[in-house]
Each structure stands twice: as structure tokens, then as C-alpha cells.
Number of protein chains: 2
Amino acid sequence: MDYTHMCPKYERAMHLLGKRWTGLIIRALMGGPQRFKDLRQQMPQLGDRILCQRLKELESEGVILRKVHDVRPVRVEYSLAQKGRDMESVVESIQAWAEKHM
Amino acid sequence: MDYTHMCPKYERAMHLLGKRWTGLIIRALMGGPQRFKDLRQQMPQLGDRILCQRLKELESEGVILRKVHDVRPVRVEYSLAQKGRDMESVVESIQAWAEKHM
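Calculation criteria
Residues numbered from 1 in each chain as written. Chains lettered and ligands numbered in written order. Predicted model: local features only at pLDDT ≥ 70, side-chain atom pairs only at ≥ 80, totals over all residues. Heavy atoms only, no water. Least-squares fit on C-alpha atoms with pLDDT ≥ 70 in both. Contact = heavy atoms within 4.5 Å. Salt bridge = Lys/Arg side-chain N within 4 Å of Asp/Glu carboxyl O. Buried < 20%, exposed > 50% of the residue type's maximum accessible area, 1.4 Å probe, protein only. Helix = DSSP H or I, 4+ residues; strand = E, 2+ residues; numbered from the N terminus.

Overview of the relation of the copies chain A and chain B
In the superposition of chain A on chain B (RMSD 0.0 Å, axial shift 0.0 Å), the rotation amounts to 180 degrees. Such a turn and shift between the copies fits a two-fold axis. Comparing interface residues between copies, 100% of those in chain A also lie at the interface in chain B; the contact surface is shared.

As C-alpha cells, then:
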């Protein structure tokens, strides 16, 4: 185990995973692609602006994908990219630990 | 899934897990109890003061145990409490994800 090099990657991962609402959004997308209003409905405690901002950040980090369907009215769907799908087990393990110990 | 109540616990867990050096210290203790100087040796990038401070915090959070052996010279050993042992799989999954995606 290279302890000297472990920390930076781990810490960057934690920075991303630890951001407010990341876990919640990842979990909401585990079941499949969702539209903005569906996400919004599942997370009533988030305002439109905050949800929008977090989705943009997660998209720019390559965690989620944003797909615009060419229909009228325009339909925008969010889904997990591979990086986000791989996050599922991480989020699950954090959540299980938190439920037990927090 | 109760989304409304998921976040606070998850976030408190992330606050603890995400603190600088937490992952490293947990991993170092996975193999069994260690003395301060052994931990220090495995983490040359941490100063005495920082390691000491992080160990105290993790002890007060109930993540690690500090045992003073009644011998001369006094021997102090750190080990994982149940809360810390349960962290192992969390730290492992974060680390695996970080190695792949960071």
C-alpha cells in the first residue's frame, strides 16, 4: 500500500462525494433516468436553483449525463454515467454505516 | 426510501470520513492495534501534532480506541472500535472508486 499517494485521490473523491446532496441525487438516479421535475419532486427540500446547480456540477464532473430529447416541448433527462454508477456501492456503504453509527 | 431524513446522517458520516487523514489512519489500523510511533512511521507526511490531534478526534468520535498498558516505559496502543471496523468497507469502496475514477 502506497500511503503517500493514497490520500490525494481519496480526498478528491471525498470532496466530490461529500458535497451536499450528492448522495441523494446519485440515489435518486439509481433507478434509471429522470427528468428534472421528477428529481425535484423526490427532493422537496432542495430548491430549483440548488438542484440545477448540483446537477450541472455533477455533469461537469462526469458523474451524470444530461440528455436533451428533440421533442416539443423539449424533454431533458438525467442519468448516471459510468462514474456515477460506480458510485452506487460507495453511497450504499456510506449510508449503511451512517444508519448504524450516526 | 425516506429522502428527507437520509441526508443529515449521510452528511455527518461524510464529515467524519472526509476529514483529512481519516481514511489513512483507519487503513493503517485495519491490520491490528498500533503504537503511536508505528502509525507515525507509516505516515511520514503527517507531523506528530497532526497525527496526535486526529487520533484524539477519532477516539472522541468512538471510531478508535486508545489503550494504555501499565508497563514501564508506558505503552499506548490504538485500535479500531466497532464503529471504526465497520468503516473499513466504506473506506475500501471509496478508495476503489477513487483509484478508478480520479
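The rest of the description comes next.
Here we look at the pattern of salt bridges
All names here are of chain B. In total, this model carries 18 salt bridges over all chains according to the counting rule given. Between Arg40 and Asp48 there is a salt bridge, with its nearest N and O atoms 2.3 Å apart. A relative accessible area of 26% places Arg40 in the partly exposed class. Since its relative accessible area comes to 43%, Asp48 is described here as partly exposed. In this structure, Arg54 engages Glu57 in a salt bridge whose closest nitrogen and oxygen atoms are separated by 2.1 Å. You can see Arg54 and its partner Glu57 sitting in helix α4 (residues 48-60), three residues apart, about one turn around the helix. Residue classification places Arg54 among the buried residues on the basis of a relative accessible area of 5%.

Everything listed is a geometric property; what it means functionally is a separate question.
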